[in-house]
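Summary of the model geometry
Listed below are the residues making up each chain.
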Amino acid sequence: MSGEKKFRHEFKYIINSGYYHILRARLKAAMKPDPHGKDGVYRISSLYFDDAFRTAYNDKLMGLDVRKKYRIRFYNLSSSFMRLEVKEKKGDMVCKRSVPLSFEEYKHILSGKRDFLHTEKPANSAADEFYVSDKLTALSPAVLVDYVREAYICPAGNVRITFDMDLKTSAHHDILGERPDFYNVFCKGEIILEIKYDSFMPMYIQEMLSGIPLSRESVSKFVLCSEKTLEVSKCSFYQAIS
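This section reports on the structure supplied with the text. (Residues numbered from 1 in each chain as written. Predicted model: local features only at pLDDT ≥ 70, side-chain atom pairs only at ≥ 80, totals over all residues. Heavy atoms only, no water.)

Here we come to the state of the cysteines. The tally for this structure, following the rule as stated, stands at zero disulfides. With no disulfide of its own, Cys225 has Cys187 as its nearest cysteine by sulfur position, at a separation of 14 Å. (Disulfide = S-S within 2.5 Å.)

Below, the structure is given as structure tokens:
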């Protein structure tokens, strides 16, 4: 993987199930489901990392225009396809770079054995960047983010529209080893709508999104799940001392 960065537009909204069904029907008529899932649907699990000062978390809360997060992402609770990713954001633009990981490498990262990221992975890659940041700030697992994604794609403009639902988190981090208990983040079945594209979005797709009262929000699954785990830990503490 090269160190080249390619930024694209990303917009997020929170919608209810009624608007989801309306938009889904429209998009299915004009866009193709993501071929990586069954009818465009698959489960995503991401383990995010942060330093002792919670820099990634606080940067998001402060709304910094430029920020960065590191995560390990895998699909459908399987170790067959895992990636170490760097997500960098500049205003409305995002850039994602990644390198594949084996299950053994995933375990090494969790246990703190990370030199292979520098010695065995391509230079100037997401792995190398994670390694350098880890040496400077001591990155550690921060929060587990888990949800079901329904995705639609359009080659023109490289448009990708996704519905992320059933957002959950856990107090444990090794989802492949511990099979932890999960906690629902939303209480009313809210769905996160994400719209991504390169330089433009076709007019007919813009028209399909019209008529729905979409209010753009600064939605971060990383922050939402972090706050949920904090809430759960406080409840557990109070139950333990009561």
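What the largest pocket holds in volume is close to 960 Å³. Taken together, 34 residues make up the lining of the largest pocket; nearest its centre are Arg8, Tyr75, Glu85, Lys96 and Arg160. For the lining of the largest pocket, the secondary structure elements donating two or more residues are β3 (41–50), β4 (66–75), β5 (82–90), β6 (93–101), β7 (140–154) and β8 (159–170). Residue composition of the lining of the largest pocket, grouped by class: 13 nonpolar, seven polar and 14 charged. The wall of the second largest pocket is formed by 28 residues, among which Glu10, Lys12, Lys60, Lys89 and Val219 lie closest to the centre. When contributions to the lining of the second largest pocket are tallied by element, the ones reaching two or more residues are β1 (8–15), β4, β5, β7 and α8 (221–241). (1 Å grid on protein atoms, 1.4 Å probe; cavity = no way out; pocket = protein on both sides within 12 Å on 5 of 7 lines; lining within 4 Å. Points joined across faces, edges and corners; volume = space filled by probe spheres on them. Helix = DSSP H or I, 4+ residues; strand = E, 2+ residues; numbered from the N terminus. Nonpolar A, V, L, I, M, F, W, Y, C, P; charged D, E, K, R; others polar.)

Here His108 shows up in helix α3 (residues 103–111). Between the C-alpha atoms of His108 and Tyr197, which are 89 residues apart in sequence, the distance is 35 Å. Setting aside anything within four residues of it in sequence, one finds His108 in contact with Lys113 and Phe116. (Contact = heavy atoms within 4.5 Å.)

Turning to α3, a few remarks are in order. The α-helix winds at 3.6 residues per turn, so residues separated by three or four positions along the chain end up facing the same way. Among the residues of α3, Glu105, Tyr106 and Ile109 are the ones counted as buried. Here the buried residues of α3 occupy an arc of 105 degrees about the axis, which is enough to place them on one side. At the C-terminal side of α3, Gly112 shows a positive phi close to 90 degrees. (Buried < 20%, exposed > 50% of the residue type's maximum accessible area, 1.4 Å probe, protein only. Arc of directions from axis to C-beta.)

Of all 12 residues in β8, 11 are buried, a share of seventy percent or more. In terms of strand pairing, β7 meets β8 through 10 bridges, oriented antiparallel. For Val145, the partnering residue across the bridge sits in β8 and is Thr169. In textbook terms, the turn of a hairpin is the stretch between consecutive antiparallel strands, and for β7 and β8 this stretch comprises four residues, one of which, Gly157, has a positive phi near 80 degrees. By the bridge criterion, five bridges tie β8 to strand β10 (residues 191–197) in an arrangement that is antiparallel. Following the sheet pairing, Ile161 is matched in β10 by Ile195. (Pairing = 2+ DSSP bridges.)

This part is about the pattern of salt bridges. Throughout the structure, instances matching the rule amount to 24 salt bridges. A salt bridge links Glu88 to Lys5, with the nearest nitrogen and oxygen atoms 2.8 Å apart. Of the two residues, Glu88 sits in strand β5 while Lys5 sits in the segment before β1, which places them 83 residues apart along the sequence. Judged by its relative accessible area of 7%, Glu88 falls in the buried class. The exposure class of Lys5 is partly exposed, given its relative accessible area of 39%. Put simply, Lys12, Arg149, Asp164, Glu194, Lys196 and Lys221 are held in one network by salt bridges that share partners. (Salt bridge = Lys/Arg side-chain N within 4 Å of Asp/Glu carboxyl O.)

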